[in-house]
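# Commentary on secondary and tertiary structure
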Amino acid sequence: MVVLISGTGSNMAALLDACRSPEYGAQVVAVGSDRPGAGGLEKAEEAGVPAFVVPFRDYADRSEWDTAMSERIADFEPDLVVSAGFMRILGPAVVGRHAAVNIHPALLPSFPGAHAVRDALAHGVRFTGTTIHFLDEGVDSGPIIDQVPVPVEDGDDEAALHERIKTVERRMLVDTVGELARRGWTVDGRHVRLGRTGPSPTDASETKETP
């Protein structure tokens, strides 16, 4: 898999740790970012994993950047792309070519977008949580793979709630990516089912073989 990050790469680091076990069933072949100074890039290089950057500012528009990112990902021939704290929307050039998953700090379809934790608090929900889903061309709108609820406690502010969500999402991301790698998957409309083989989430007519 190729893991995409924009910051410190804590979820990426958890995936790298999991991949040290042969039983996990997956390997991180590269780590990519849109930000040259992202702290997670150094962590990847320290772990001996190739790292690359496709800066958004280097391209005339989002479409050109998306195409460049897709080509760079393709250099590593991944079976899966994992958006783990990646803060750019991946467009059709990426999601139409690569099976990709994203981790989001809310129970989708509630509270999509960049301010999910803040929005959940403002709405007064008693439970929020985290969702891992396949990426499509929308914003946090792809087929849901798994979800875990997290209670909102009295006195929570955005930082405290987000920290508890991060603890849950890191574990869920590692577990779910491992399951996808070992078992493969099928996407039927909006329903994701784990299985030995299955179609790409971008084309239900294709079959995805588990490596």
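Residues numbered from 1 in each chain as written. Predicted model: local features only at pLDDT ≥ 70, side-chain atom pairs only at ≥ 80, totals over all residues. Heavy atoms only, no water.

So, on to the nonpolar core. M1, V3, L80 and V82 are the most contacted members of the largest nonpolar core, which totals 35 residues. Among the elements of the structure, β1 (2-5), α1 (10-19), α2 (39-46), β5 (100-104), β6 (127-134), α6 (158-183) and β8 (185-188) are those that each provide at least two residues to this core. Those residues within four positions of V3 in sequence are excluded, and the remaining contacts are M12, L15, V28, A30, V31, G32, V82 and A84. Formed by 16 residues, the second largest nonpolar core is a distinct cluster that contains V2, V54, A100 and L135. (Core = buried A, V, L, I, M, F, W, Y, C linked by side-chain atoms within 4.5 Å. Buried < 20%, exposed > 50% of the residue type's maximum accessible area, 1.4 Å probe, protein only. Helix = DSSP H or I, 4+ residues; strand = E, 2+ residues; numbered from the N terminus. Contact = heavy atoms within 4.5 Å.)

Here we take up the packing of aromatic side chains. The full count for this structure, using the stated rule, is four aromatic pairs. Arranged with centres 5.5 Å apart and planes meeting at 45°, the rings of F134 and W185 form a pair that is tilted. Of this pair, F134 sits in strand β6 while W185 sits in strand β8; the two residues are 51 residues apart in sequence, bridging distant segments of the chain. Taking the relative accessible area as the measure of exposure, F134 reaches 0% and is therefore buried. (Phe/Tyr/Trp six-rings, centres within 6.5 Å; stacked < 30°, edge-to-face > 60°.)

With that settled, consider helix α5 (residues 116-123). The periodicity of an α-helix, 3.6 residues per turn, causes residues three or four places apart in sequence to face the same way. Residues of α5 that are buried include every one of A116, V117 and A120, and no others. Around the axis of α5, the buried residues are gathered within 100° of arc, so they sit on the same side. Elements in contact with the buried residues of α5: β5, β6 and α6. Downstream of α5 by a residue or two, G124 has a phi angle that is positive, lying close to 80°. (Arc of directions from axis to C-beta.)

Overall, the prediction assigns the chain a mean pLDDT of 92, with 92% of residues at 70 or greater. A low-confidence stretch, residues 198-211 stays under pLDDT 50, and its non-local contacts, those more than four residues away or across chains, total 34 contacts. (pLDDT = per-residue confidence, 0-100.)

We now examine the environment of I103. Here I103 lies in strand β5. With 92 residues separating them in the primary sequence, I103 and N11 have C-alpha atoms 9.5 Å apart. Sequence-distant contacts of I103, that is, excluding residues within four places in its chain, are made with N11, S83, A84, T130, T131, I132, E169, M172 and L173.

Time to look at the packing of α5 against α6. Two numbers describe how α5 lies on α6: the axes approach to 10 Å, and their chain directions differ by 120°. Viewed along their axes, α5 and α6 form a crossing whose handedness is right-handed. Counting all contacts with α5, which are made through V117, R118 and L121, the residues of α6 involved are E158, L161, H162 and I165. (Axes fitted to C-alpha atoms, helices over the stretch in contact; angles between N-to-C directions. Left-handed = near helix turned anticlockwise from the far one by under 90°.)

A few words on the sheet that holds β6. A sheet is described by the order of its strands in space; here seven strands give the open sequence β3-β2-β1-β4-β5-β6-β7, paired in mixed fashion. The open sheet has two edge strands, β3 (51-53) and β7 (144-151), and neither has a second partner. Strand-to-strand, the axes of this sheet are offset by a mean angle of 20°, without reference to chain direction. Contacts from α2 reach β1, β2 (30-33) and β3, with the element oriented near 150° to β3. Sheet contacts for α6: β4 (81-83), β5, β6 and β7; angle to β7, the most-contacted strand, approximately 155°. (Pairing = 2+ DSSP bridges.)

Take the side chain of T131 next. Along the polypeptide, T131 turns up in strand β6. Looking at T131, the relative accessible area reads 0%, which means it is buried. Polar contacts involving the side chain of T131 include one to the main-chain carbonyl oxygen of A106, which spans 2.6 Å. Not counting residues within four places of it along the chain, the set of residues in contact with T131 comprises N102, I103, H104, A106, L107, L108, I144, D146, Q147 and M172. (Polar contact = N/O pair within 3.5 Å; in protein donor to acceptor, adjacent residues only side chain to side chain.)

By secondary structure assignment, the location of D156 is in the loop between β7 and α6. We classify D156 as buried; its relative accessible area is 16%. Filtering out sequence-adjacent residues up to four positions away, D156 remains in contact with L121, P151, L161 and R164.

The space that makes up the largest pocket amounts to roughly 860 Å³. Along the walls of the largest pocket sit 34 residues, with G85, F86, M87, I103 and P105 positioned nearest its centre. Elements with a contribution of two residues or more to the lining of the largest pocket: α1, β5, α5 and α6. At five residues, the largest contribution of residues to the lining of the largest pocket is made by α6. When its residues are assigned to classes, the lining of the largest pocket shows 13 nonpolar, 14 polar and seven charged. (1 Å grid on protein atoms, 1.4 Å probe; cavity = no way out; pocket = protein on both sides within 12 Å on 5 of 7 lines; lining within 4 Å. Points joined across faces, edges and corners; volume = space filled by probe spheres on them. Nonpolar A, V, L, I, M, F, W, Y, C, P; charged D, E, K, R; others polar.)

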